[in-house]
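Tertiary structure, described
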Amino acid sequence: MAQKIIEVEGMTCGHCKSSVEGALSELEGVKSADVNLDANNVNVEYDESKVTESSMVEAIEDQGYDVRQ
Ligand code: 9UX
């Protein structure tokens with residue numbers, strides 16, 4: 001299991017948190033996703049044999065947020 005903190009811009013309220021966590025959790029291989037609104041990031045635990053970082057970034061961007069890479 002891998003763990004990574006992805007920096008995300010534009011999340012300001014609880015709905016943003018839910019959208020991003022929900023989109024990531026739907027991906028096969030993502031074990032957990034925890035958004036920290038104050039820190040503008042999301043901490044993901046995932047199986048790197050099942051999901052790539054780029055597909056997680058894409059899922060976040062599809063919700064309308066920018067990822068800082
Ligand atoms: Mo809250 Mo987030 O009203 O894009 S859903 S700011």
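Residues numbered from 1 in each chain as written. Predicted model: local features only at pLDDT ≥ 70, side-chain atom pairs only at ≥ 80, totals over all residues. Heavy atoms only, no water.

**Looking at the sheet that holds strand β3 (residues 41–46)**
For clarity, the threshold we go by: Strands qualify as paired when DSSP identifies two bridges or more between them. Per the convention used, a helix needs a DSSP run of H or I reaching at least four residues, while a strand needs a run of E reaching at least two, with both numbered from the N terminus. Angles here are taken between N-to-C directions and fall from 0 to 180 degrees, while the axes themselves are lines fitted to C-alpha atoms, restricted in helices to the stretch in contact. Two residues form a contact once any of their heavy atoms are found within 4.5 Å.
The four strands are arranged β2-β3-β1-β4 in an open sheet whose pairing can be described as antiparallel. A strand with exactly one partner marks an edge of an open sheet, and here the two such strands are β2 (30–36) and β4 (66–68). For this sheet the average axis-to-axis angle between neighbouring strands, irrespective of direction, equals 35°. For strand β1 (residues 2–9) and β3, the ladder comprises six bridges, and the chain directions are antiparallel. Looking at the pairing, I5 lines up with N43 of β3. Against the sheet, helix α2 (residues 53–62) contacts β1, β2, β3 and β4, and its axis sits at roughly 35° relative to β1.

**Describing the UniProt feature "domain: HMA" (unreviewed entry) in the chain**
The criterion, for reference: UniProt positions are given in the numbering used here, feature names are shortened, and annotations may be inferred rather than shown by experiment.
The UniProt feature table records "domain: HMA" (unreviewed entry) at residues 2–68. End-to-end, the C-alpha atoms of residues 2–68 are 19 Å apart, and along that stretch the chain is 33% helix and 36% strand.

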